[in-house]
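Residue-level structure breakdown
One-letter residues, chain by chain:
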Amino acid sequence: FHEYVRPTEGADGDGAARPLSTFCTNLTGITQEQVDSASPLAEVVSRFLQWVASCGLTEALADGSALLIAHGGWDLGDQLPIEAARKQLALPAWLGSRTYSDLKVLFALEYSGASSTSLRGMLQALGLEPEGRAHSGIDDCRNLARVVEWLISRGADLGHTHRAGEMLRGRRAGL
């Protein structure tokens, strides 16, 4: 699943959305035209939920036998729930702040010699070259999937990381 979301208001919640900055376009490759032709968040979330259902994953995500994996906690743990609440957009419980695994935590637990849990750092630690454009959402997801494949090949526990974060803190404390 890959879609852009068109902002419908300014960053402060008031006024019109600002145009993309040159920095953002240079970093991500996303153009103003792509954003302008995108749908608002509610429509994109609706299509995402339909896509999840078409893959047969809704029940598995709801009962915890499948889960989402994110690179860091901000997107699924903070930004999406806050934005959805602000826009009075209902999200299923499995798309909430404590129902995903943070790949940074998973990788740190499994690869103790890693000096970085950035995408580039994880790929370097595994001897993998990045594929595609850095900071392009779909290309980053494909590269993150390569790290997940490595974790699976090692039999890593891909459980919810609100538990794994406690384990990681304990390991660093020598417990």
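Residues numbered from 1 in each chain as written. Predicted model: local features only at pLDDT ≥ 70, side-chain atom pairs only at ≥ 80, totals over all residues. Heavy atoms only, no water.

1. A word on the nonpolar core
Among the nonpolar cores identified, the biggest contains 16 residues, and L61, L68, L76, W94 and L95 are the most heavily contacted of them. Elements that contribute at least two residues to this core include exactly helix 3 (41-54), helix 4 (58-63), strand 1 (68-70) and helix 5 (74-86). Top element by residues in this core is helix 3. It accounts for four residues. The next biggest cluster of nonpolar side chains, apart from the first, holds 14 residues, and it includes L126, V148, L151 and L158. (Core = buried A, V, L, I, M, F, W, Y, C linked by side-chain atoms within 4.5 Å. Buried < 20%, exposed > 50% of the residue type's maximum accessible area, 1.4 Å probe, protein only. Helix = DSSP H or I, 4+ residues; strand = E, 2+ residues; numbered from the N terminus.)

2. Remarks on the packing of aromatic side chains
If you walk through the whole model with that rule in mind, you get seven aromatic pairs. A ring pair is formed by F1 and F48, whose centres lie 5.3 Å apart and whose planes are at 70°; its orientation type is edge-to-face. With F1 in the segment before helix 1 (22-28) and F48 in helix 3, this pair connects stretches of sequence that are 47 residues apart. For F1, a relative accessible area of 37% puts it in the partly exposed group. Judged by relative accessible area, F48 falls into the buried class, the value being 18%. Their ring planes at 45° and their centres at 5.9 Å tell us that F1 and W51 sit as a pair that is tilted. (Phe/Tyr/Trp six-rings, centres within 6.5 Å; stacked < 30°, edge-to-face > 60°.)

3. What about the confidence of the model for the chain?
Detail in the predicted coordinates should be disregarded across regions flagged by low pLDDT. Per-residue pLDDT for the chain averages 89, and the proportion of residues at 70 or more is 89%. Across the chain, element-level confidence peaks in helix 3 with a mean pLDDT of 98 and bottoms out in helix 9 (residues 161-172) with 55. (pLDDT = per-residue confidence, 0-100.)

4. A look at helix 3
Given a rise of 1.5 Å per residue, 14 residues ought to cover 20 Å, and the 20 Å separating the end C-alpha atoms of helix 3 matches this to within 8%. Buried within helix 3 we find L41, V44, V45, F48 and V52. Here the buried residues of helix 3 occupy an arc of 100° about the axis, which is enough to place them on one side. Set apart from the buried face of helix 3 by more than 90 degrees, the exposed residues are Q50 and S54. Elements in contact with the buried residues of helix 3: helix 4 and helix 5. Trailing helix 3 by a residue or two, G56 shows a phi angle of about 75°, which is positive. (Expected span 1.5 Å × (residues − 1). Arc of directions from axis to C-beta. Contact = heavy atoms within 4.5 Å.)

5. Digging into the packing of helix 6 (residues 103-110) against helix 8 (residues 137-153)
Where helix 6 contacts helix 8, the axes come no closer than 11 Å and their chain directions differ by 40°. Here helix 6 lies oblique to helix 8, going by the angle between them. You can see that helix 6 and helix 8 cross each other, and the crossing is left-handed. Residues L103, L106, F107 and E110 of helix 6 pack against L144, V147, V148, W150 and L151 of helix 8. The class makeup of the residues in the contact of helix 6 with helix 8 is eight nonpolar, no polar and one charged. (Axes fitted to C-alpha atoms, helices over the stretch in contact; angles between N-to-C directions. Parallel < 35°, antiparallel > 145°, perpendicular 65-115°, else oblique. Left-handed = near helix turned anticlockwise from the far one by under 90°. Nonpolar A, V, L, I, M, F, W, Y, C, P; charged D, E, K, R; others polar.)

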